[in-house]
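Reading the structure
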Amino acid sequence: MATEQMTSAAPLPLCSVCARQSAGEGGKDSIRVAAEEASFECALCFGILHPSFIDEVSKAAEAHLASCPYDATSFILALNLPTSQTLREQIIKKRFPSFNGILADIPFKVRNINAYLNKLQQASGLRPTLMSDLQLTITFENDDFLETDTEFLRRAFPHEFRSGKKRRQNGEENGNGEPELTKNRLQNMLGRVDEKLASTFPVEKAPSRPCKFSFAFERDPVYIAGRYCKYSRSLPQSPWSAEEDTPLIPGHSVSEKVTGPMAKLLGSTETRFVASGREDIDVRMLGEGRPFVVHLINCRNTQTLRPDRRVETLSALREAINKSSVDVAVSELALLSREVAEQLSMGQEDKKKLYTAYCYSTLPIDNAVLKAATRTQPLEIIQKTPVRVMKRRALLDRPRSIYTLETMPVDEHHFLVRMETQAGTYIKEFVHGDFGRTRPSLADLIGCEKGEVDIVELDVERVDLMPVTVLMVAEKPMLADSIARLLSDGRCSKRKGMNKICSVSEYNGDFMGQPAFFKVTSTCGHVMGVDFPEEFNNWHRVQPVELYNAPIEKVECSKEMKMNRYLASEAKGVDYLVLWLDCDKEGENICFEVIDAVHGKMKKPRNVDIMSLVYRAHFSAITEYDIKAAMRNLGRPDQNVSLSVDARRELDLRVGCSFTRFQSMFFKGKYAELDASTVSYGPCQTPTLAFCVNRHDEIVNFRPEPYWVIQTEFEARDGSSVKGDWARQRVHDPADAQMYLNRIRQAGVAAVFDINTKRSDRYPPHALNTVKLMRAASTQLGLSPATTMHIAESLYTQGYISYPRTETSTYPTNFDLRGTLSRQTNDRRWGDIASRVMQEGINRPRGGADKGDHPPITPMRSDGGALHGDNARVYEYVVRHFIATLMRNCVYEVTTVKMNCGEEEFSFQGKQLIDPGFTLILSASGAEKDVWMPRVERGDQMRLKSAEVVDRQTIPPSYLTESELISMMEQHGIGTDASIPVHINTICQRNYVTVETTSRRLIPTQLGVCLIHGYHAVDPELVLPTIRADLERQLDMIASGQADFMTVKNHAVDLFRRKFLYFKDNMPRFDALFAATFRTVSVEERQSTVCPKCRVNSKTPGHIHCQQCKDASKRGADIRSAGVVTRGSRGGRGRGTARGASTRGGPSLRATRGARLRGAVATRGTRSTRGRGSTARGASSGGGGGESNANLMPLGTPGGRGSSLPPIRGARGSPAGPPPPRGRGMPPRGGGSNAFVAPPPLPMPPPIRPPVQQQQQQRYQQQSNMSPPPLPMPPPIRPPAQQQQSRMPPPPLPMPPPLPHQRYHPPSAPSTSTSIPPQAARHSAPWPTEASPPKRVKQEPQGSLHWPPNYAQPSAAAPGTWQPNDGPSQTWQPSAHQPPRPTHNGAMKREEIDFTADVEVSTAQPKRESWIPSDEFS
């Protein structure tokens, strides 16, 4: 308030612009607006922002550009403001907090720049931008307050104005020896200006005169390198004179003759000439010439150096320089970057020079003496700084090397010396000795006294920059060989590496404008893997949950390969590293593994980041064009992409190891038929297996429905016959079918009332990507995805096809389709078709998706018949698919004839192929074939020849094929195009599914079915694809730089740790399914160490898997296509069972004595009374009651008489052939039987809910007064669900609405519940007549009762109703959370209900009526 009162007495002088932008409405009383004619009297902008001043500056800029034009199209604007004005911006901001103009939110420098941009753009015609090679700098000066401001700041910050030697050397002091107020010093003080200090500053004073301004246009420098030869012995390298009084001759130097034409053509204001060493004025430079770089500063004309005109411009410069003088010639001109140009003068010790000297000796010298001087090679010498260069060089002893030395006599006093020396060697002093300052000298070697040998003439024949060493690393040895062969034009040598696995190809070439020695080698995939430390790899001592907090270390993938040592040895002393790893996420991760292995052995210049020496090649095919283009356009490795792979690998390790260890140790030695050495879980492999098991459950739970169709045949007027298609297609009542048949027969004639001809097109396929290739190879070639990708990678490394891992299915606009197609014109299999496509014109395919990764998979060269077997088949498909994408559409005509017979409509079709198009080469797409039809006209009568009713049944879906599974994985985001085949191969190797050889269908095994059912019973999200898809999206955010690596990783690890704890606590529910499926090992068997099948001692009692015979052979297990046959346990002598029980449609039950079982399969190892419908060994038990105690039976278990599921045709003990039709004589519905007693269910895991479901959960918790501890949310990540941290029991969470793809529904409340089987045994007939809704029960409004979609769906007519398959709509209420009502004897009582689904009924609150099991369950 004191500040405001003070300012009101002395108003702040501001111009109208600053008053509006700074003060706003909140500071009107604190300012005084300056007059328009004295706009410079503004205490904030000093008049810089006044429109008239801006116009004046713009006109001056326009005049400056007119006098010195630039060929630029854009510019960058930089403003240098007076220090006093910058200080006042901060003072006013602190002193007047009530100002509420736009400058309260926008920085001052932004509004200053914005005020000038439009005017300068209009005046200059250049576009302002943030990236340009031309910068316009406007400097404003006003020193009215410089002395007072400096004094004010000196009093406030005295330590900032201390005088020192360094500041005096930098010129930061005025004439009085006091430090000046510079911009850097002011920036250090502005941040410490507070409101109190600002109130004491005299900001009310206004400037007395306007600011002065000046311009500076500056363009980025240009570096042009090359080599020059000097043929004169009187031309210096740079302008100089031996005598101070001798005037310089303009243009009489190598540097002037070279830089003159360059400066004239490019319009530079200043040039600098830098050469690799220098020769004396009387020394010629011959041979290839001496390397040099010209630094051209502030060039006005650089458009001629654009890539499309660069070669032409450099050629014109070379000709201009060479024609301007006969004494100098240049060659090999090239445009360089600043980094490369600066290296020309570095590393003098590594350069070599070749000299030829014409020498004279005062004494006669014969040939023998000269040869004796060349015996010692190389020769090490010590040279003191010569006397002739003492003016510019320090007095030092310099060691130098003479690599080669040759002599040739001319006469007895003259001889020639040819020597190759280290750069920096003084050759004249080496010859004559320099009065003993060079030792040994040539005079010493030939035995002459000092001064008796000297040089007459000296020529430099060659200057070799010591070639830099470049190490290039590919991902596979074959790929490294191909890259080296293509880049060296076949002139590379090859040697074996020290690890005896990888080879090294070597050749000489150029790297970024300088000579280079290349070494090309490879890894063998990943160099490093992730693992836990050794102390965490003991399964017995380390609890699996500890793995979520255990440290992670990187270990070498294969110690036998010694890949780290090998790469480090090859990288020793190299200057650059070029990475040729595959251009995908895994390849990017391997890039940094290679960098970690080699960076300690590379040459690292002082103050240079090692990553500046590392380059990344991006390529999509192993062809000469692609590889050389990648070498010309090197990039940098992307660390964000690598970090996303690190996060995925660490997460998969922690989650997979924790679940796998816990499951394997839990089931070790517990069940006899458990045919797996480990029971594994994987975030990707388990959802992949779930797709297969879900289809298996659909097949098992499928109930065929009969229907009837009418088949007819009509005769046309020409006597030909044709079959008619009934418009109704099918009916579900045989009486209706018979009625329609009678009508048709009674009519006897059909009248044609409509004839329609339509032209149809089939479009060519999209370009080939990885998923399409794997699907086609599985469907058409019978190859597994893993085999397909192995073959594709082999074809890629050999250069036959492009990179095989891509998601893009459209060709880039610049893709050379014609050139790629022309390589296939000479092939005898499809060369004619390819030639025809080129002649008729290429049709670019439409559609497809551009994912921004690699181009589609295309052939890169013809195989010439060199490929065989599966390699040739995959290559042929790639070629045919590529050619097909460039061909015309397949065109055909379809004629449809409709006719009426007995008020029933029939039709038939004919098809005529017009143009086969792309199907001519891609026959697998199914070429349209002609379909004959009789010639008819509208109104024709066609006689009915025959008509009959045919009864049929609906059929279940088939098991998933590999092609269908790949599509589902791609659709749900499970894995990538590179990892999809790995996950499918994993579930096959773990014996979770088996693959049919011919159809490539995936059939789940007994173990695979039990695993997925068990996960569904405990935590369905462990198998649903949504959680992995969400994780993949978060990893993609890491790769794109939108999310933090540690945040995403820690969040995902904590999520799965909680899920693991919940899974561990609820393991009895998971184990119940295994107990119902496999036979428990006895105590004697657990103690035995001998495998009962191969009789080999495993040395481990109760081992889960025999390593010798690779089988869980304790009485064996046999998996059928849709169920399980459990054999090997001796049954009792009861007439209802024999050894084992056979089922098709679900796993058999393990049972013990003590309870009667009706409507379920026979059990093994128990005595049973005679069951109705049972026969000999392996038969299903009937509806009769045998004494047994059944455990939990999974979904889809078939029963005998009394079961809701049909018996299997042809199975032993079941009726063969189709089931009898439903009709009269069928027993009524409603008869029920007890199939099993479910174990008490356990609480639900914390699901990952979408935001809407999360809000529902929060509302429910508020009503229930429960609040589980929330999980901290990372900002860029999708919010997780509420997670429960307690163990048994966790706080109750309401169920979210069932997902459309979620098949199993866990209990709706965290309480003990009873599982009800699906439609268990309602009557004694094997086939039900119609669907019947379950009985309505009194229930509370809270909670939910989930009905599988096969049996009951929510009715669209009204909310709160449900509609079964064919039954009427009835009111339905959700289930409540209440316990079963105990009877007088403690048994559970049940009502008459319809067991049609897995209904989880919770039992948490007493005094409520619910589903009650009967006494038979006891």
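None of these values were measured; they are calculated from a predicted model.

Conventions and cut-offs
Residues numbered from 1 in each chain as written. Predicted model: local features only at pLDDT ≥ 70, side-chain atom pairs only at ≥ 80, totals over all residues. Heavy atoms only, no water. Pairing = 2+ DSSP bridges. Helix = DSSP H or I, 4+ residues; strand = E, 2+ residues; numbered from the N terminus. Axes fitted to C-alpha atoms, helices over the stretch in contact; angles between N-to-C directions. Contact = heavy atoms within 4.5 Å. Patch = residues over 30% accessible without salt bridge, like charges linked within 9 Å, V, L, I, M, F, W, Y side chains within 5 Å. Areas by Shrake-Rupley, 256 points an atom, 1.4 Å probe, with all protein chains shown as cover. Salt bridge = Lys/Arg side-chain N within 4 Å of Asp/Glu carboxyl O. Buried < 20%, exposed > 50% of the residue type's maximum accessible area, 1.4 Å probe, protein only. Parallel < 35°, antiparallel > 145°, perpendicular 65-115°, else oblique. Nonpolar A, V, L, I, M, F, W, Y, C, P; charged D, E, K, R; others polar. Disulfide = S-S within 2.5 Å. Polar contact = N/O pair within 3.5 Å; in protein donor to acceptor, adjacent residues only side chain to side chain. Lys, Arg positive; Asp, Glu negative; His and termini not counted. Charge placed at Lys NZ, Arg CZ, Asp CG, Glu CD. Core = buried A, V, L, I, M, F, W, Y, C linked by side-chain atoms within 4.5 Å. Expected span 1.5 Å × (residues − 1). Phe/Tyr/Trp six-rings, centres within 6.5 Å; stacked < 30°, edge-to-face > 60°. Lys NZ or Arg CZ within 6 Å of the ring centre and 35° of its normal. pLDDT = per-residue confidence, 0-100.

**Examining the sheet that holds strand β6 (residues 212-219)**
Spatial strand order, β4-β3-β5-β6: four strands in an open sheet with mixed pairing. With one partner strand each, in any of the chains shown, β4 (127-128) and β6 form the two edges of the open sheet. Examined bridge by bridge, strand β3 (residues 74-80) and strand β5 (residues 134-141) share five bridges and lie parallel to one another. Across the sheet, the residue bridging to L77 is L136, located in β5.

**Description of the sheet that holds strand β24 (residues 614-616)**
Read from one edge to the other, the open sheet built from six strands follows the order β18-β19-β20-β17-β23-β24, with strand pairing classed as mixed. Here the strands that pair on one side only, and so sit at the sheet edges, are β18 (493-496) and β24. Between one strand axis and the next, the sheet turns by 25° as a mean value, whatever way the strands run. Examined bridge by bridge, strand β17 (residues 468-474) and strand β23 (residues 576-580) share five bridges and lie parallel to one another. In the sheet register, L471 faces β23, and the bridge partner there is L577. Against the sheet, helix α18 (residues 585-598) makes contact with β17, β23 and β24, and its axis sits at roughly 155° relative to β23, the strand it touches most. Seen against the sheet, helix α19 (residues 624-632) touches β17, β19 (503-511), β20 (514-522) and β23 and runs at an angle of roughly 140° to β23.

**Digging into a nonpolar patch on the surface**
A cluster of nonpolar side chains, contributed by I102, I106 and V110, occupies part of the molecular surface with about 230 Å² of accessible area. With respect to the secondary-structure elements, I106 resides in the loop between α4 (83-95) and α5 (108-124). Given the relative accessible area of 35%, I106 is considered partly exposed.

**Quick word on the packing of helix α20 (residues 639-667) against helix α31 (residues 1025-1039)**
Contact geometry for α20 and α31: axes closest at 7 Å, N-to-C directions at 150°. Taken as axis vectors, α20 and α31 run roughly antiparallel relative to one another. Touching N640, V641, L643, S644, A647, R648, L651 and D652 of α20 are R1028, L1031, E1032, L1035, I1038 and A1039, all from α31. In terms of residue class, the contact of α20 with α31 is made up of eight nonpolar, two polar and four charged.

**Let's talk about the state of the cysteines**
Linking two cysteines covalently through their sulfur atoms gives a disulfide. One pass over the structure, following the stated rule, counts zero disulfides. We note that C583 lacks a disulfide partner, and the nearest cysteine sulfur, in C591, lies 8.1 Å from it. Overall, the relative accessible area of 14% leaves C583 in the buried class.

**Thoughts on the environment of E506**
Summarising the element assignment, E506 is placed in strand β19. For the pair E506 and F518, spaced twelve residues apart in sequence, the C-alpha separation works out to 5.5 Å. In contact with E506, other than residues within four places in its own chain, are C492, S493, R495, F517, F518 and K519. Side-chain polar atoms of E506 contact the side chain of R495, separated by 2.8 Å.

**Some thoughts on a negative patch on the surface**
Residues E807, D850, D853 and E970 make up a contiguous surface patch of negative charge. Structurally, D850 can be placed in the loop between α26 (831-840) and α27 (869-885). Judged by its relative accessible area of 62%, D850 is exposed.

**Re the nonpolar core**
One finds M472, F511, L577, W580, F619 and I883 to be the most contacted residues of the largest nonpolar core, which totals 93 residues. Element by element, the count of residues in this core is highest for α27, at nine residues. Counting 58 residues, the second-largest nonpolar core is a separate cluster that includes I987, L1002, I1027 and L1055.

**Description of α31**
Here α31 is 15 residues long and its end C-alpha atoms lie 21 Å apart, about the 21 Å a rise of 1.5 Å per residue gives. Across the 15 residues of α31, eleven count as buried, placing the element largely inside the fold. Immediately beyond the C-terminal end of α31, within one or two residues, lies G1041, with a positive phi of roughly 80°.

**Topic: unusual backbone geometry**
Cis geometry marks the peptide bond from Q377 to P378, where omega comes out at -5°. Along the chain, P378 falls in the loop between α13 (367-373) and β12 (379-384). Omega for the peptide link from R439 to P440 comes to -10°, which places this bond in the cis form. By secondary structure assignment, the location of P440 is in the loop between β15 (438-439) and α15 (442-445). Even without being a glycine, D489 presents a positive backbone phi close to 55°. Residue placement: D489 occurs in the loop between α16 (477-487) and β18. Backbone geometry at R1000 places phi at a positive 55°, although glycine is not the residue there. Within the secondary structure, R1000 is located in the loop between β31 (993-995) and β32 (1002-1004).

**Comments concerning the packing of aromatic side chains**
All chains considered together, the criterion is met by 42 aromatic pairs. Measuring from ring centre to ring centre gives 6.2 Å for F662 and F1063, while their planes differ by 75°; the resulting arrangement is edge-to-face. One end of the pair, F662, is in helix α20; the other, F1063, is in helix α32 (residues 1045-1065), and 401 residues separate them in sequence. Taking 6.0 Å as the distance between ring centres and 90° as the angle between the ring planes, the aromatic pair formed by Y811 and F882 counts as edge-to-face. Pair noted here: Y811 is in the loop between α24 (785-797) and α25 (817-822) and F882 is in helix α27, with a separation of 71 residues, a long-range link. Y811 gets classed as buried once you look at its relative accessible area, which sits at 6%. Since its relative accessible area comes to 1%, F882 is described here as buried. The positively charged end of K352 is found above the aromatic ring belonging to Y403, 4.8 Å away from the centroid. One residue, R730, lies across the ring of Y707, its end atom 3.8 Å from the ring centre.

**Things to note about the confidence of the model for the protein**
Summing up the model confidence of the protein, the mean pLDDT is 75 and the portion of residues at 70 or higher is 72%. Predicted confidence is poor over residues 1-8, with pLDDT under 50, and the contacts of this stretch with residues over four places away or in other chains come to twelve contacts. Note on residues 1112-1418: pLDDT is under 50 here. Beyond four places in sequence and across chains, it has 688 contacts.

**A closer look at the side chain of E904**
With respect to the helices and strands, the residue E904 is situated in strand β29 (residues 904-915). A polar atom in the side chain of E904 sits 3.0 Å from the side chain of W726. Among the polar contacts listed, one links the side chain of E904 to the side chain of R728, at a separation of 2.7 Å.

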